[in-house]
Amino acid sequence: MVKAADMLIARRADTRARADFATWKMMAKLNGSSALPPEAQEFLTSYKNLLGQTNEGEATEATIGAIYKAYYAEMGGAGTAPDLPTRPPEKAADNVTAFRRPDPKPKPKRANFFGASGAAGTQKRPLPVALIFACLVVVYVGIRLYWR
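Residue numbering note: each chain is counted from 1, following its sequence as written. Where local features are concerned, this predicted model is filtered to residues with pLDDT of at least 70; where side-chain atom pairs are given and counted, the filter is 80 or more; whole-chain, interface and lining totals use all residues. As a convention, hydrogens and water are excluded, and side-chain values are obtained from all of the structure's heavy atoms.

Student: Which residues make up the overall build of the protein chain, and what values go with them?
Tutor: Secondary structure elements follow DSSP: runs of H or I no shorter than four residues count as helices, runs of E no shorter than two count as strands, and numbering proceeds from the N terminus. When helices and strands are tallied, the protein chain shows four helices and zero strands. Along the protein chain, helices and strands appear, N-terminal first, in the series α-α-α-α. We call a residue buried when its accessible area falls under 20% of the maximum for its residue type, exposed when it is over 50%, and partly exposed in between, using a 1.4 Å probe and counting protein chains only. By the burial criterion, 18% of the 148 residues in the protein chain qualify as buried. Residue pairs in contact within the protein chain that sit at least 24 positions apart in sequence constitute 54% of those at least 6 positions apart. Calculation of accessible area relied on Shrake-Rupley with a 1.4 Å probe; when residues are assessed, cover is drawn exclusively from the protein chains displayed. By element, 61% of the accessible surface of the protein chain is carried by carbon and sulfur atoms, the whole surface being about 12600 Å². Note on contacts: a residue pair qualifies if any of its non-hydrogen atoms lie within 4.5 Å across the two residues.

If you want it as structure tokens, here you go:
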């Protein structure tokens, strides 16, 4: 019987093994395998040997299984690593969406100057910027004249 703590360790070890193997494999493709730790280089060498004997999927799963067992022991798992249910291969999701212009928003109806359309006076017209500036100038000049 496998304890819950051991299953938690097993899941973390499996996740870490899959992530590390994918990273190591990508670094090997980019000719950066010499920068990997010796343990990783050993796993990659065994992966390349398995590729000569089996297909890529089986070689990948066998290598990940070996990495998983090493990580399980390293993380403090008791006994032998439990067998985890195999994951179905995930399809690579294309996360690129085509650009689509958003639908135009309908413009709200505005009341005309005399309020002839519908509810008159419900919509206020903003003051023009020039009128606000002129009022500020008048206030400033008034204050300057007052203080003299």
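Student: Any chance you could break down the packing of aromatic side chains for me, citing the residues and the numbers?
Tutor: Any pair of Phe, Tyr and Trp rings, taking the six-membered ring for Trp, is counted once the centres come within 6.5 Å. Such a pair is stacked with planes under 30 degrees apart, edge-to-face with planes over 60 apart, and tilted for the rest. Evaluated as defined, the whole model comprises four aromatic pairs. Measuring from centroid to centroid gives 6.1 Å for W24 and F43, while their planes differ by 10°, and the two rings are stacked. Of this pair, W24 sits in helix α1 (residues 4–29) while F43 is found in helix α2 (residues 38–53), placing the two residues 19 residues apart along the sequence. An identical accessibility class is assigned to W24 and F43; each is buried.

Student: Provide a residue-level description of the pattern of salt bridges, including the pertinent values.
Tutor: A carboxyl oxygen of Asp or Glu within 4 Å of a side-chain nitrogen of Lys or Arg is what we treat as a salt bridge. In the structure shown here, the tally under the stated rule is five salt bridges. For the salt bridge of D20 with R16, the shortest nitrogen-to-oxygen distance reads 3.7 Å. With D20 and R16 both in helix α1 and four residues apart, the pair spans about one turn of that helix. K25 is paired through a salt bridge with E56; the nearest N and O atoms lie 3.0 Å apart. Of the two residues, K25 is situated in helix α1 and E56 in helix α3 (residues 56–74); the sequence distance between them amounts to 31 residues. Of the residues examined, E56 reaches a relative accessible area of 46% and is grouped as partly exposed.

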